[in-house]
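Single-letter residue listing:
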Amino acid sequence: MKRLDAVVSSSRLVGGGLTAYAAIVFLVGYLNDAMRPGAAAPNGWYGAWFDQGQYFKMFEFISQGALGRESWLYPLGYPVLAHLTSWPYPNDPFVLLNLTLFCLFVWLSWLLFRTFCEAGLALAAAIFLASSSAQFFVTPWTTSVTAACAAALLYVCVCRPPSWLWGTVAGLLAGLMFASRIADVIIGVAIIAVSVADLAIRERRIPWKFVGSTACSLGIMAVTFLVATHHFSGRYLGLYFEMNRSQGASSIWAIPFKLYGYFIDSWTFHHSGAPALVRVVPAILLCPAGLILMWRTNQRACLLMLALATAWTVTYTPFVAVTAFTLTFGSYHYAKVLFPLIMGSACFVCGAWQSRSARFWAIYGVLVAGVIFMPKLITFSKIGVSATSVHANCRLDAASRAVDGDATWRWDSGRPQQAGMYFDIDFGRTAWCNRVVLDNRGSPGDGARKLSVWSSSDGHAWKQLTMSSRQLSPDVTEYLVDPLRLRWLRLRLEEGDTIHWWSIHELVGLRKLSARRTWWLGVLGYRPPAPGATLMTREYV
């Protein structure tokens, strides 16, 4: 390892070689992506996916000088950057921008890793980072700007002096985060604020030149963005910010479940087969140990990484798309902002593990095992529902048959499915719920064509839930949502059917329960069915 460190430290070509490797990994991933423009019609992901389609429309309007209110949905920063870099390959205007952001992301992360890791480990961490995160930069996402800017801010605050020049750079980076994703400026400001506070405490002085230049450059960027956004859209923060606000935020009590599902459960229990998850989750499990060890040798880097993690949590976890079912929603790309923290601290463990006693690692191993096996020790329980607490806007007299525990009886709509039909459940009290199972096995083909799920606390004001659904069998469907407290639950048809009725033989609302008494069976992987939930095949947090 020492010989490798000497070679890596002395070679001026390492940075260039690493950047070339990152570019190759990106291009291979791009060319192998079945949804890229030219490989999929029409127009690849720009024609098939909503977000990417909106990016492309904004780019076209900017190129034509015709950007107006009707074409303004997402923040301005990402399409403008694409406009500046689209000339070499206009068929995909974002590919060169994403390639540049990815190479900067990897290169700057490597420079950061060198401040607290040996040269060989720093290079290994950067290669690991490039291999694991490339696929999240291949597809156009505004988070690519945030990830590159966050890595650059960590590099500026850890590796560069707090001068007016680097303060200007830091402000521009934070301003670019604001112009690309609005709320992500919280991440940039948090890193800068913790950096300044650390210098003020450690050196007993405030770097006013750095603070002043940062504030000026960030202010100029922010004012420019706000004025441009208001000019084109009539709103200072555009439609995107208002759309996200209208979706609401998850309960604070659901956040631990969301984070567990987002980073751990997606690999352990979803069995999605995503190669990146298999590589990243072990690093996630080592990350806390790396930060603990890093605190002794490089507190400044550790503090800034903790600031990044905290700001990311505050910014993203209330967002409904950051969920235990993120693979279904395709929002795992949000996590790439944290990859420098995850990879760097995990690789730091490899070089500093001997600095802690065997007792420390034994305790840490037990905690990691507990995190991995925890979902196996938890089961779902059925929420009790009485026959008088169900309602429907058709065939009300038979509604109780959907919750009587007898799958041979059914509730049906009495006529072909029509959009607007609904079925309500009143749990009689506020209850935790994160799963609903609909059983239509007794009436093949009578399942809902398209269903939305709503919640209410009083039976009058309803809020649509962001849920994930999947078929356990052709006539058994489960709907999952992050844990939330509700009293009323509504299932509403969004599409009709000219032939089939809507039938429900059994409807089950499910919630999490405490650990099983037979915990050792859970550890071994045996999961006996919970009452009223015999159709479940996997468990999710």
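Structure shown above.
Note that the structure is a prediction, hence the values are computed from the model and not measured.

Draft legend 1. Quick peek at the packing of helix H9 (residues 164–181) against helix H11 (residues 208–233). Two elements in contact, H9 and H11, have axes separated by 7 Å at closest approach and are oriented at 30°. What the angle tells us is that H9 and H11 run roughly parallel. Crossing hand, H9 versus H11: right-handed. Every residue of H11 that contacts H9 at Trp164, Trp166, Gly167, Thr168, Ala170, Gly171, Leu172, Ala174, Gly175, Leu176, Phe178 and Ala179 is listed here: Lys209, Phe210, Ser213, Thr214, Ser217, Leu218, Met221, Ala222, Phe225 and Leu226.

Draft legend 2. Just the environment of Val476, in detail. Tracing the chain through its elements places Val476 in strand E8 (residues 476–493). For the pair formed by Val476 and Asp439, sequence separation is 37 residues and the distance between their alpha carbons is 4.6 Å.

Draft legend 3. Focus on empty space enclosed by the protein. On inspection of all chains with the given rule, the structure shows 1 cavity of 30 Å³ or more. One number sums up the size of the largest cavity: a volume of about 30 Å³. As for the largest cavity, its lining consists of Val156, Cys157, Arg160, Pro162, Ser195, Leu199, Phe210 and Arg300. For the lining of the largest cavity, the secondary-structure elements that each account for two or more residues are helix H8 (143–159) and helix H10 (185–203). Partitioned by chemical class, the residues of the lining of the largest cavity number 5 nonpolar, 1 polar and 2 charged.

Draft legend 4. Broad picture of the pattern of salt bridges. Tallied over the entire structure, the rule returns 7 salt bridges. In this structure, the salt-bridge partner of Glu203 is Arg205, at a minimum N-O distance of 2.9 Å. Here the residues in one salt-bridge network are Asp198, Arg202 and Arg300, joined through shared partners.

Draft legend 5. Up close: the packing of aromatic side chains. According to the stated counting rule, one finds 27 aromatic pairs in the structure shown. When the ring of Phe360 is compared with that of Trp361, the centres are 5.0 Å apart and the planes differ by 80°; the resulting orientation is edge-to-face. Overall, the relative accessible area of 21% leaves Trp361 in the partly exposed class. In this arrangement the basic side chain of Lys336 is found over the ring face of Phe137, its NZ or CZ atom lying 4.4 Å from the centre.

Draft legend 6. Representation of helix H7 (residues 119–138). Between the first and last C-alpha of H7 there are 28 Å, a value that for 20 residues agrees with the 28 Å anticipated at 1.5 Å per step. At Ser132, H7 shows its largest kink, close to 40°. For H7, the tally of buried residues reaches 15 of 20 residues, placing the bulk of the element in the interior.

Draft legend 7. Just the pairing of strand E5 (residues 451–456), in detail. Most of E5 sits inside the fold, with 6 of its 6 residues counted as buried. Of the two faces of E5, both are covered, the one formed by Leu451, Val453 and Ser455 as well as the one formed by Ser452, Trp454 and Ser456. Bridge count for E5 against strand E6 (residues 463–464) is 2 bridges, and the pairing is antiparallel. The residue of E6 that forms the bridge with Ser455 is Lys463.

Draft legend 8. Molecular detail of the pairing of strand E4 (residues 422–439). Here E4 lies mainly inside the structure; 13 of its 18 residues are buried. Where strand E2 (residues 390–392) and E4 come together, 3 bridges link them in antiparallel fashion. Paired with Val390 across the bridge in E4 is Ile425.

Draft legend 9. Summary view of the side chain of Thr315. For Thr315, the position within the fold is in helix H15 (residues 299–316). The buried category is assigned to Thr315, whose relative accessible area is 16%. When near neighbours in sequence (up to four residues on either side) are disregarded, Thr315 contacts Ala183, Asp184, Ile186 and Ile187.

Draft legend 10. Region of the structure containing the state of the cysteines. Scanning the entire structure with this criterion turns up 0 disulfides. With no disulfide of its own, Cys157 lies 9.7 Å from the sulfur of Cys159, the closest cysteine sulfur. A relative accessible area of 2% places Cys157 in the buried class. No disulfide involves Cys347; its sulfur sits 5.4 Å from the nearest other cysteine sulfur, which is in Cys350.

Rules behind the numbers
Residue positions are given per chain, counted from 1 along the sequence in the order it is written. With pLDDT at 70 or above as the cut-off, local features in this predicted model cover only qualifying residues; side-chain atom pairs require 80 or more to be listed or tallied, and sums for whole chains, interfaces and linings still use all residues. Heavy atoms throughout the structure, all of them, feed into the side-chain values; hydrogens and water do not. Only the stretch in contact is used when fitting a helix axis, every axis being a line fitted to C-alpha atoms; angles between N-to-C directions are given from 0 to 180 degrees. Strands here mean DSSP runs of E at least two residues long; helices mean DSSP runs of H or I at least four residues long; both are numbered from the N terminus. Any angle from 65 to 115 degrees is called roughly perpendicular, while one under 35 is roughly parallel, one over 145 is roughly antiparallel, and all others are oblique. It is the rotation of the near helix from the far one that decides the hand of a crossing: anticlockwise by less than a right angle makes it left-handed, clockwise makes it right-handed. Should any heavy atoms of two residues lie within 4.5 Å, those residues are counted as being in contact. Cavity: a set of points on a 1 Å grid over the protein atoms alone where a 1.4 Å probe fits but cannot get out. Pocket: an open set with protein on both sides within 12 Å along at least five of seven lines, its lining residues, like those of a cavity, having an atom within 4 Å of a point. Grid points are joined across faces, edges and corners, and a volume is the space filled by probe spheres set on the points. Three classes are used, and their members are as follows: Ala, Val, Leu, Ile, Met, Phe, Trp, Tyr, Cys and Pro are nonpolar, Asp, Glu, Lys and Arg are charged, and the others, Gly among them, are polar. The working definition used for a salt bridge is a side-chain nitrogen of Lys or Arg within 4 Å of a carboxyl oxygen of Asp or Glu. Aromatic rings from Phe, Tyr and Trp, taking only the six-membered ring of Trp, are treated as a pair when their centres fall within 6.5 Å; an angle between ring planes under 30 degrees marks them as stacked, one over 60 as edge-to-face, and anything in between as tilted. Relative accessibility thresholds used throughout: buried, under 20% of the residue-type maximum; exposed, over 50%; partly exposed, between the two (1.4 Å probe, protein chains only). By definition, being over a ring means that NZ of Lys or CZ of Arg is both within 6 Å of the ring centre and within 35 degrees of the ring normal. A helix is expected to span 1.5 Å multiplied by its residue count minus one. Fitting one axis to the seven residues ending at a residue and another to the seven starting there, the bend at that residue is the angle between the two axes. When DSSP locates at least two bridges between a pair of strands, those strands are taken to pair. Cysteine sulfur atoms are paired as a disulfide whenever they come within 2.5 Å of each other.

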